[in-house]
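Commentary on secondary and tertiary structure
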Amino acid sequence: MESPEDLVKIGRALSNPLRVRILLMLVRNPTFIQDVAQRLHIPYALAHLHLRVLEEAGLVEGTYVVEEKPKPHLRKVYRVRDFRLVIDRQLLERLAESLG
């Protein structure tokens, strides 16, 4: 984490139980937005919103793949990024120093 804003983004991403469920789902198997929506019984748009928050926090990444059937098209597959999250006094002191 390089800034207090990074801490806020990660905290926001992990503050929603549904996003935590998505993260746990993706750690087992990278998948598409549609699959996330179907497995969690939520609208596609809501799954997209939650994945975007996780992606902006740097917890997941999406890459485009070409699907050939029924006709060629791009789909974005999401997977959990490698990360280590440690929030301790040392991190907080470093972030506090960046505030001035």
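Here the structure is a predicted model, which means the values were calculated and not measured.

Below, the discussion takes up the environment of Val65. Checked against the element boundaries, Val65 lands in strand S2 (residues 60-67). In sequence terms Val65 and Ala47 are 18 residues apart; their C-alpha atoms lie 19 Å from each other. Ignoring any residue separated from it by four or fewer positions in sequence, one finds Val65 in contact with Phe32, His73, Leu74, Arg75 and Val77.

Along the chain, Ser15 turns up in the loop between helix H1 (4-14) and helix H2 (17-28). Looking at Ser15, the relative accessible area reads 53%, which means it is exposed.

A few words on the pattern of salt bridges. A full pass over the atoms with the stated rule returns three salt bridges. Taking the shortest distance from any N to any O, the salt bridge between Lys76 and Glu55 comes out at 3.3 Å. Linking Lys76 in strand S3 (residues 73-80) with Glu55 in helix H4 (residues 44-56), this pair joins segments that are 21 residues apart in sequence. According to the relative accessible area criterion, Glu55 is partly exposed, its value standing at 26%. The shortest N-O distance in the salt bridge between Arg89 and Glu93 comes to 2.8 Å. Here Glu93 and Arg89 lie together in helix H5 (residues 89-99), a separation of four residues that amounts to about one turn. Residue classification places Arg89 among the exposed positions, given a relative accessible area of 65%. Look at Glu93 and you get partly exposed, because its relative accessible area is 39%.

The rules behind the values
- Residues numbered from 1 in each chain as written.
- Predicted model: local features only at pLDDT ≥ 70, side-chain atom pairs only at ≥ 80, totals over all residues.
- Heavy atoms only, no water.
- Helix = DSSP H or I, 4+ residues; strand = E, 2+ residues; numbered from the N terminus.
- Contact = heavy atoms within 4.5 Å.
- Buried < 20%, exposed > 50% of the residue type's maximum accessible area, 1.4 Å probe, protein only.
- Salt bridge = Lys/Arg side-chain N within 4 Å of Asp/Glu carboxyl O.

Just geometry here; none of it tells us what the structure is for.
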